[in-house]
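Descriptive structure summary
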Amino acid sequence: MFRFQKTLSQRLQISGIGLHSGKLMELVLIPLPEDSGIWFQRVDNPGARPICASTENVSDTSLATSIGAGDEKVGTLEHLLAALGGLGISNLKVEVNGPEVPILDGSAAPWATMLQKAGVKTLNAPRPFYLVKKAFALEDATGEKFISVSPASSFSLECSIEFPGYVKNQSKYFSFSKSAFVRDICPARTFCLEKDVEMMRQNNLALGGSLDNAVVIGTNGEILNPEGLRFPDECVRHKILDFLGDLTLAQYPIIGHFSAYKTGHALNQEFLKNILKKPGILEKVMPELEFTGFELPITGVALAS
Ligand SMILES: [Zn+2]
């Protein structure tokens, strides 16, 4: 995780197709000073207020993570949020001229590349974080999916998925470092089953979806994309990416060991709300740092610059 707050060095303009609307979305990323947080604002609707990217503003988790409602709603945030979180950027305003963030190639690699090219600026303020003090676990109503967290000296995640008949069990352990995030997690694309594509189209969803922005898995588990997979376990890597994106809605990094089985955006958010609300699980730590020094604020907790 990161010791100092960060923003972008300059404004960044990006455009691309929205996965669900199929429309061209234009985004402007605007640097903000320390302690601002990440904000999204619809600029196509006059009067739409900026919405803070935080757990309490999450309004929809059905296929992607959305915040805000009505004319102020912005969806498909998670890959951009994952890239921001992975690079330690926590102060930014994102203006968007429609209801969703562009899907780009379905991964976070283009986001990470563009953000780093624009420049990540370190601010002269320490970054608060949450330390996990007590273990907590949550499963969904079916008992098929679960997430747990336990105290640890750095951030790590063990993630597993399985879609019988389509994706065999894939498990991956991820210990956070910026370089491992950019190299091993960012390039993993979103995936869907061919049989679900028609259902989504009938519901006016995934109108912008194509083999250019998703891995599509056929009826016998075969990969329909001519270029194949980027990693043999690309699907579980993408689940890690989504999880990291969803976690950024806690607004501060969480230092602990997570375990996630067959999770998705809905359970991720329910879990996050629980650990933020239930007393005794997280402790918010305000590091008191010598700005010129490199001593860690808390013994045994791994932080990066
Ligand atoms: Zn995703």
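Residues numbered from 1 in each chain as written. Predicted model: local features only at pLDDT ≥ 70, side-chain atom pairs only at ≥ 80, totals over all residues.

Here the focus is the overall build of the protein chain. Counting its secondary structure elements, the protein chain contains six helices and 19 strands. Against the compact-globule benchmark of 19 Å for 305 residues, the protein chain has a radius of gyration of 19 Å, which places it among compact chains. Considering only C-alpha atoms, the protein chain reaches an extent of 55 × 45 × 35 Å along its principal axes. Partitioning the contacts of the protein chain with sequence separation of at least 6, the portion at a separation of at least 24 is 74%. (Helix = DSSP H or I, 4+ residues; strand = E, 2+ residues; numbered from the N terminus. Rg over C-alpha atoms; globule rule 2.2 N^0.38 Å. Contact = placed C-beta atoms within 7 Å.)

Okay, the sheet that holds strand β12 (residues 146–150) next. Strand order in this open sheet of five strands is β11-β12-β18-β13-β14, and the pairing throughout is mixed. In this open sheet, the two edge strands, each paired with only one partner strand, are β11 (136–139) and β14 (167–175). Sheet twist, expressed as the mean angle between neighbouring strand axes with direction ignored, is 5°. Alignment of β11 against β12, held across four bridges, turns out to be antiparallel. Across the sheet, Phe 136 pairs through a bridge with Val 149, a residue of β12. Strands in contact with helix α5 (residues 234–247) are β13 (156–163), β14 and β18 (257–261); relative to β13, the strand with the most contacts, it is inclined by about 130°. With respect to the sheet, helix α6 (residues 265–277) is in contact with β11 and β12, its orientation differing from that of β11 by roughly 145°. (Pairing = 2+ DSSP bridges. Axes fitted to C-alpha atoms, helices over the stretch in contact; angles between N-to-C directions.)

So, on to the confidence of the model for the protein chain. Across the protein chain, the average pLDDT comes to 92, with 94% of residues at or above 70. Confidence drops under pLDDT 50 across residues 290–299; counting only partners more than four residues distant or on other chains, this segment forms eight contacts. (pLDDT = per-residue confidence, 0-100.)

Moving on: the sheet that holds strand β19 (residues 282–285). Reading across from one edge, β17-β10-β19 is the order of the three strands in this open sheet, with mixed pairing throughout. Looking at strand neighbours, the two that pair on one side only are β17 (254–255) and β19, the edges of this open sheet. As judged from the two bridges shared by strand β10 (residues 129–132) and β17, these two strands associate in the parallel manner. Residue pairing in the sheet places Tyr 130 in a bridge with Ile 254 of β17.

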